[in-house]
Amino acid sequence: MSERKTLKKIRSGLMDRGWGLAKTALSVGASTAGHWVGRAFESDKNILDDRLKSLIISQATALANQMHEMKGSVMKMGQMFSVYGEYFLPPEANEVLKSLQSQSLSLEWPVVEKILARELGPKLHDLEIERTPIAAASMSQVHKAFCKPLDREVAVKVRYPGVEKAIDGDIRMLKTALSFSKLVPQMESLGPVFSEIREMLHRETSFNLEREALTKFKAQFAPDSRFILPDPIPEYSTDAVLCTGFEEGVRIDDPRVLALPLETRNELGRTFLELYFIELFDFRQVQTDPHFGNFAINLDGQKPRIVLFDFGAVREFSDEFVSGYRQVLRGLIDDDSREFRLGCERTGMFRKPLTEEQWAYFQRFCQEILEPFLNFGPRPFQDEQGRYDWSASDLPSRLLSRFLEFKRVFRNHAPPREFIFLDRKASGLFVVLAKLGTCFDARPIMAKYIEEPAPRPENHAR
């Protein structure tokens, strides 16, 4: 077996980071443009398709390799594209970008050890830390350890050096680089996504904030046996190091999960869906990052349980927004135009008045988004019992095909930031349900949370 590749350091200088990505992106863009020029001299479609496929794979690989090495904001964007990419990127390119989720390069142990020594001081001697990380992501990596004073296994999450200072520069540089690369269509439409990422990353780089969020979520979920959240361990944590209890689990796309009986996977799917509504309507706090590495499936008990790991990307929502959002959903499900409009106004959906034609278009578009939950109209991918086949559905690609038209109709209207966070979470949820191969009726779950205002309990019980 070949030795696992690691990074000796992370590029921290703005010029160094910017030049590395820009050089690769320009090369990718030139190669892509060259392909289309070459089409004028080639008549065999099969040869063209094979050449384009090879080109896409090689160019996506070049970008992914740069993202691997640079970490931080650059790699986070690559991970986001890998979650949603199957709906707007060529399949060959998206397969390469998926490596950013599961095969992230880790930082060499001597560098990590220096960070731990600086942050923990003499307390570092209390921890017997495995040098090879169990997970490596865009902003940090996680090592399994044994805490001698506590006599228990723990997980130690270490922030990469300098990533918190590079966020704003990375965002500006990445927008330019992706535009050069020609691999991502409609770059001008991604402004709100970049703004959302910037805010999320600034929060994610503070482990003090993440520890506070984890503490609160763990207390709220304590009575609900479907979820496992690790214990935060403050005495071995700082703003750059987060120590928690160690929890066992496998990825959602692990063969052992996908081999579970359909009804077991359906139950997991219903739990993931209810998790979304619990966080929004009960807690008014949503963990908005749908990356597969942020949760796992514990298979040790009689029933699989969902392990929730990461609470760096938590977004809070006001009571007024949540109440208005509930009203929006109610209006859409009941096909009540007046209720829908009132809810949109309460959430601040549009800052400028809409025409009647725009309102009608927007309601139809939103109802298509909620296709799995509707009781009326055409019901594709639903059987006579109302069960929706999430894995067979082409809903994301259908919505994407309407993007240009939607942009034209609402070219002077930008949605509030809250909807960008929720859309990201909901889109990731759809991917989870499809990956599990689920087929179930989602309508009763939504109905439970939108028919009547949910109370705001100190914790959640089932």
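Here's a quick rundown of the structure. What you see is a predicted model, and the numbers here were worked out from it, not measured in a lab.

For Asp-254, the location among the structural elements is in the loop between strand 8 (241–245) and helix 10 (255–258). Residue class for Asp-254 comes out buried when judged on its relative accessible area of 16%. Between the C-alpha atom of Asp-254 and that of Ile-297, which follows or precedes it by 43 residues, the distance is 9.1 Å.

To describe two helices that pack against each other, one gives the angle between their axes and the distance between the axes. Between helix 12 (residues 319–333) and helix 18 (residues 443–450), the shortest axis-to-axis distance is 10 Å and the interhelical angle comes to 135 degrees. What the angle tells us is that helix 12 and helix 18 run oblique. Here the hand of the crossing between helix 12 and helix 18 comes out left-handed. Contacts between helix 12 and helix 18 pair Arg-326, Leu-329, Arg-330 and Ile-333 from the former with Met-446, Tyr-449 and Ile-450 from the latter.

This part is about helix 13 (residues 337–347). For helix 13, the complete set of buried residues consists of Glu-339, Phe-340, Gly-343, Cys-344 and Thr-347. Seen along its axis, helix 13 keeps its buried residues to an arc of 135 degrees; they face one direction. Within helix 13, the exposed residues directed more than 90 degrees away from the buried face are Arg-338 and Glu-345. The residue sitting at the N-terminus of helix 13 and contributing the capping side-chain oxygen is Asp-336; that oxygen lies 3.1 Å from the backbone nitrogen of Arg-338. Phi turns positive, to about 70 degrees, at Gly-348, one or two residues after helix 13.

If you walk across this open sheet you meet the 3 strands as 7-11-10, and the pairing is mixed. Each edge of the sheet is formed by a strand with only one pairing partner; in this case those strands are strand 7 (227–228) and strand 10 (295–298). When strand 7 meets strand 11 (residues 305–308), the two strands line up parallel, connected through 2 bridges. Within strand 11, the position partnered with Ile-228 by the bridge is Val-307. Helix 11 (residues 262–283) rests against strand 7, strand 10 and strand 11 of the sheet, and its axis sits at about 40 degrees to strand 11.

What follows is about the pattern of salt bridges. Oppositely charged side chains are able to pair whenever their charged atoms sit close together. Summed over all chains, the structure comprises 25 salt bridges. Between Glu-371 and Arg-398 there is a salt bridge, and its shortest N-O distance comes to 2.9 Å. With Glu-371 in the loop between helix 14 (356–369) and strand 13 (388–389) and Arg-398 in helix 15 (residues 395–401), the pair connects residues that are 27 residues apart, well separated along the chain. Taken individually, Glu-371 and Arg-398 each receive the classification buried, so the pair is uniform in this respect. The partner of Asp-441 in a salt bridge is Arg-443, and the shortest N-O contact between them spans 2.9 Å. Residue Arg-443 is classed as buried on the basis of its relative accessible area, which comes to 18%. Salt bridges linked by common partners bring Asp-224, Arg-226, Glu-274 and Lys-448 together as one network.

Procedures and definitions
Sequence order as written defines residue numbering, which begins from 1 separately in each chain. In keeping with the model being predicted, local features are shown solely for residues with a pLDDT of at least 70 and side-chain atom pairs are shown and tallied solely at 80 or more, while totals for entire chains, interfaces and linings include all residues. Hydrogens and water are ignored here; the side-chain numbers use all heavy atoms of the structure. Secondary structure elements are defined from DSSP: runs of H or I of at least 4 residues count as helices, runs of E of at least 2 residues count as strands, and each element is numbered from the N terminus. Throughout this description, buried means an accessible area under 20% of the type-specific maximum (1.4 Å probe, protein chains only), exposed means over 50%, and partly exposed covers the range between. To get an axis, fit a line to the C-alpha atoms, keeping to the stretch in contact for a helix; angles then go from 0 to 180 degrees between the N-to-C directions. Should an angle lie under 35 degrees it is considered roughly parallel, over 145 roughly antiparallel, and from 65 to 115 roughly perpendicular; all remaining angles are considered oblique. Crossings are classed by handedness, with left-handed meaning an anticlockwise turn of the near helix from the far one by less than a right angle and right-handed meaning a clockwise turn. Whether two residues touch is decided by their heavy atoms; if any such pair falls within 4.5 Å, the residues are in contact. By definition, the arc is the one covered by directions from the helix axis to the C-beta atoms. N or O atoms within 3.5 Å of each other form a polar contact, as long as, within protein, one can give a hydrogen and the other can take it, and as long as residues adjacent in sequence are counted only when both atoms are side-chain atoms. Each pair of strands is called paired provided DSSP finds at least two bridges between the two strands. Any Lys or Arg side-chain nitrogen found within 4 Å of a carboxyl oxygen on Asp or Glu counts as a salt bridge.

Don't take any of this as a statement about function, it's just geometry.
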